[in-house]
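# Observations on the three-dimensional arrangement
Here's the letter readout for the chains.
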Amino acid sequence: NAGVMQNPRHLVRRRGQEARLRCSPMKGHSHVYWYRQLPEEGLKFMVYLQKENIIDESGMPKERFSAEFPKEGPSILRIQQVVRGDSAAYFCASSPLGGDTQYFGPGTRLTVL
Amino acid sequence: AQTVTQSQPEMSVQEAETVTLSCTYDTSESDYYLFWYKQPPSRQMILVIRQEAYKQQNATENRFSVNFQKAAKSFSLKISDSQLGDAAMYFCAYRRNNAGNMLTFGGGTRLMVKP
């Protein structure tokens, strides 16, 4: 059973470009969470999704950030018009329906030049 | 809002010795989960141990155990017989007992293991 997969592992963007981060949850998991980790800090919750639904986006910045988890395919975290402050590691986690433990992917390290 | 505090930014332990990492949290809930995650240099987040708040017995996983003090809102991690591979950042995390709720993380403790 493959773990949570994220790609790309490293992403470099120039200011003003768009960043798309992908997350494939563990097989059988229907809940996906996105977290952001700034350098030397803990992870901060961004958004929680189920298939085709955003359940909790209380941690998402109001502008430029969006997330989706379509019926088919991976979950996508999209950052438009990136700025240097968006440079961070972005982690995806998944859990099964009714599960209480989240399993993390390896993260995507975004660098904005 | 829930908060999680790890008061030790760095800890050091001699190989084969025992070390305890501290974590305190603040919540008005009575039913929740607590976790310790390990983040080695690869940056992968690895679940070390979890504790259900309704269970009085402290969780144990091989060399890792916790001291869960619900009244004091304290959740420390004890690593016995420390190994070089234990060197990593350790994060304490809290989650309300409602499927799908977010994890709230502490700021982390960097553990160094001396040979």
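Higher on the page you've got the structure.
Here goes a summary of the coordinates provided. Throughout this document, residue positions are counted from 1 along each chain, in the order its sequence is written. Chain A is the first chain written and ligand 1 is the first ligand written, with later ones labelled in order. At least 70 in pLDDT is required for a residue's local features to be given in this predicted model, at least 80 for side-chain atom pairs to be given and counted, and no such filter applies to totals for whole chains, interfaces and linings, which use all residues. Processing note: side-chain calculations cover all non-hydrogen atoms of the structure and skip hydrogens and water entirely.

### Digging into the side chain of E52(B)
Definition in use: The helix and strand labels rest on DSSP assignments: H or I over at least four residues marks a helix, E over at least two residues marks a strand, and numbering proceeds from the N terminus. Whether two residues are in contact is decided by their heavy atoms: any pair within 4.5 Å suffices.
With respect to the element layout, E52(B) can be found in strand 6 (residues 46-52). Ignoring sequence-local partners within four residues, the contact set of E52(B) consists of Y32(B), Y33(B) and F68(B).

### Focus: the nonpolar core
Stated formally: Here, the term nonpolar core denotes a set of buried Ala, Val, Leu, Ile, Met, Phe, Trp, Tyr and Cys residues that are joined through side-chain atoms within 4.5 Å. Each residue is placed in one exposure class: buried if its accessible area under a 1.4 Å probe, protein chains only, is under 20% of its type's maximum, exposed if it is over 50%, and partly exposed if it falls in between.
Within the largest apolar cluster, 25 residues are counted, with the highest numbers of intra-cluster contacts made by Y25(B), W36(B), F75(B), L77(B) and Y90(B). Listing elements by their share of this core, those giving two or more residues are strand 3 (19-21), strand 5 (32-39), strand 6, strand 8 (64-69), strand 9 (74-79), strand 10 (88-96) and strand 12 (109-114) of chain B. Tallying contributions element by element places strand 10 of chain B first for this core, with four residues. Apart from the residues lying within four places of it in its own chain, the contact partners of F75(B) are C23(B), Y25(B), L34(B), F35(B), W36(B), Q51(B), V66(B), N67(B), F68(B) and C92(B). Ranked by size, the runner-up nonpolar core spans 23 residues in total, among them V4(A), M46(A), I79(A) and C92(A).

### Here's the deal with unusual backbone geometry
Of the consecutive residues N7(A) and P8(A), the connecting peptide bond is found in the cis state with omega at 0°. In this structure, P8(A) sits in the loop between strand 1 (5-7) and strand 2 (10-13). Phi at A16(B) is positive, roughly 80°, even though this residue is not glycine. Notably, R43(B) is not glycine yet its phi reads approximately 75°, a positive angle. Structurally, the position occupied by R43(B) is in the loop between strand 5 and strand 6.

### Here we look at the interface of chain A and chain B
Operational definition: Summed over both partners, buried area is the accessible surface (1.4 Å probe) that two parts give up on being assembled. Salt bridge, as used here, is a side-chain nitrogen of Lys or Arg placed within 4 Å of a carboxyl oxygen of Asp or Glu. Polar contacts here mean pairs of N or O atoms no more than 3.5 Å apart (in protein, one a potential hydrogen donor and the other a potential acceptor; neighbouring residues in sequence count only if both atoms are side-chain atoms).
Contacts between the two partners involve 22 residues from chain A and, on the opposite side, 21 residues from chain B. Taken as a group, L43(A), D100(A) and F104(A) account for 30% of the area that chain A buries against chain B, more than any other trio of residues on that side. Between chain A and chain B we count one salt bridge in total. We note a salt bridge from E40(A) to R110(B), for which the minimum N-O separation is 3.5 Å. The tally of links between chain A and chain B comes to eight residue pairs in polar contact (both at pLDDT 80 or more). Those elements that place two or more of their residues in the side of chain A that touches chain B are strand 4 (31-37), strand 5 (43-50) and strand 9 (88-95) of chain A. Of all the elements, strand 4 of chain A adds the most residues to the side of chain A that touches chain B, at four residues.

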